[in-house]
Amino acid sequence: MLLATNSALTEERLADHALDAYASHLGSVEGGYRNRRLEYARRFARLYPDLVAWQRAPLIERLGSRETRRGAAFWCAGARPYLYFLVQTGRLILDWPWVIGAQCHVLPIITLPKQVQAFSSRLCEQVRALGYLHSGAMRVERAVRYFFVRYGGTMVHVGEPELTAFAQALSAFRERDDAVRIFDSPERLSRALRSMATMLFTFRTALYHQGRINQPPRREVVPPERLHVKPAMRRFIERYAHARSALHTRPTTVSKLRNAGRHLADWLAVHHPQVE
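Report on the accompanying structure. (Residues numbered from 1 in each chain as written. Predicted model: local features only at pLDDT ≥ 70, side-chain atom pairs only at ≥ 80, totals over all residues. Heavy atoms only, no water.)

This paragraph deals with the overall build of the chain. Along the backbone of the chain there are 15 helices and 0 strands. A globule of 276 residues ought to have a C-alpha radius of gyration of about 19 Å, yet the chain, at 23 Å, is considerably larger. Here the C-alpha coordinates of the chain stretch approximately 70 × 45 × 35 Å along the principal axes. Expressed as a percentage of the 276 residues in the chain, the buried residues total 41%. Long-range pairs, those at least 24 residues apart, make up 68% of the contacts in the chain with a sequence separation of at least 6. For the chain, the accessible surface area stands at approximately 16100 Å², while carbon and sulfur atoms represent 54% of it. Put simply, the chain has 41 plus and 24 minus side-chain charges, and the middle of one group is 8 Å from the middle of the other. (Helix = DSSP H or I, 4+ residues; strand = E, 2+ residues; numbered from the N terminus. Rg over C-alpha atoms; globule rule 2.2 N^0.38 Å. Buried < 20%, exposed > 50% of the residue type's maximum accessible area, 1.4 Å probe, protein only. Contact = heavy atoms within 4.5 Å. Areas by Shrake-Rupley, 256 points an atom, 1.4 Å probe, with all protein chains shown as cover. Lys, Arg positive; Asp, Glu negative; His and termini not counted. Charge placed at Lys NZ, Arg CZ, Asp CG, Glu CD.)

Close contact between helix 9 (residues 114–129) and helix 13 (residues 186–209) brings their axes to 9 Å; oriented N to C, the two are set at 95 degrees. Relative to helix 13, the element helix 9 lies roughly perpendicular. Taken together, the residues of helix 13 that come into contact with helix 9 (itself represented by Phe119, Leu123, Gln126 and Val127) are Thr202, Phe203, Ala206, Leu207 and His209. Classifying every residue of the contact of helix 9 with helix 13 gives 6 nonpolar, 3 polar and no charged. (Axes fitted to C-alpha atoms, helices over the stretch in contact; angles between N-to-C directions. Parallel < 35°, antiparallel > 145°, perpendicular 65-115°, else oblique. Nonpolar A, V, L, I, M, F, W, Y, C, P; charged D, E, K, R; others polar.)

Okay, the packing of aromatic side chains next. Overall, the coordinates contain 17 aromatic pairs when judged by the stated rule. Plain terms: the ring middles of phenylalanine 44 and tyrosine 82 are 6.4 Å apart, the flat faces sit at 70 degrees to each other, and that makes the pair edge-to-face. With a gap of 38 residues between them, phenylalanine 44 in helix 3 (residues 31–47) and tyrosine 82 in helix 7 (residues 80–88) connect regions that are remote in the sequence. When sorted by exposure, phenylalanine 44 lands in the same class as tyrosine 82, which is buried. Put simply, the rings of Tyr22, Phe44, Tyr48, Trp54, Tyr82 and Phe85 pair up and form one aromatic cluster. (Phe/Tyr/Trp six-rings, centres within 6.5 Å; stacked < 30°, edge-to-face > 60°.)

Take unusual backbone geometry next. Even without being glycine, aspartate 184 reaches a positive phi, approximately 80 degrees. If you trace the backbone, aspartate 184 turns up in the loop between helix 12 (179–183) and helix 13. Residue histidine 248 is not a glycine yet carries a positive backbone phi of 65 degrees. By the element assignment, histidine 248 lies in the loop between helix 14 (231–246) and helix 15 (251–271).

In the structure shown here, the tally under the stated rule is 6 salt bridges. In this structure, the salt-bridge partner of aspartate 95 is arginine 62, at a minimum N-O distance of 3.1 Å. Here aspartate 95, found in the loop between helix 7 and helix 8 (96–102), pairs with arginine 62, found in helix 5 (residues 59–63); they are 33 residues apart in sequence, far enough to count as distant. Judged by its relative accessible area of 5%, arginine 62 falls in the buried class. Note that aspartate 178 is salt-bridged to arginine 176, the shortest N-O span being 2.8 Å. Assessed through its relative accessible area of 17%, aspartate 178 is described here as buried. (Salt bridge = Lys/Arg side-chain N within 4 Å of Asp/Glu carboxyl O.)

Now the structure itself:
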């Protein structure tokens, strides 16, 4: 059973901003920083007085952008801390496409509710006990942020349905018409989604060893990529590899050079087919 993300909040409550509560929340923050946060929130509230309408806007509009320091896109991007506050206080639901598209969620674990901090700490201790490096604990903390932004404080009860929903959202995001535009290039999109999939695998591993899910994660076998390398280019790559070997280049380096040459040849075959 999925964690409650819809029934708990009515559209009437979703439509409410909470600027005064947010100002109180920022009460102890350093003055200039606090004022900037409030300015982003106020501008966002003026642009979207009805949060339900914002939720129904196109994803790329809701994500915003900091490329230009003005306009609706800039204020949407700058208002993310305010949106996180609305999530934390039960006033807003954010969907997986927004969570994935935003990519980086600046939410220090120590700023999250106490039960979420404790949950994160236990999972990080678990992956360290399994022999993961510091990067493993970092992936767990990143997953905690993602699932907190999606489910709020109830994410401490995350289970297989929520994990499956995220995995399905990752697969669906790749097929979106606006996915490449959001991530700027196909390469960045692929790297980001692979990184999130790795994050999910580590998160699942920690949850399994904590007894929170019944099945360990399974690695997906990625079929080898078929590269189009023309015969003349293949011979050139081999001549170069032999020349480097004659100069006593390390075998692993020669193998990497061959691989890089094949990828270059494949790219040339697609984008400059006249090159033999």
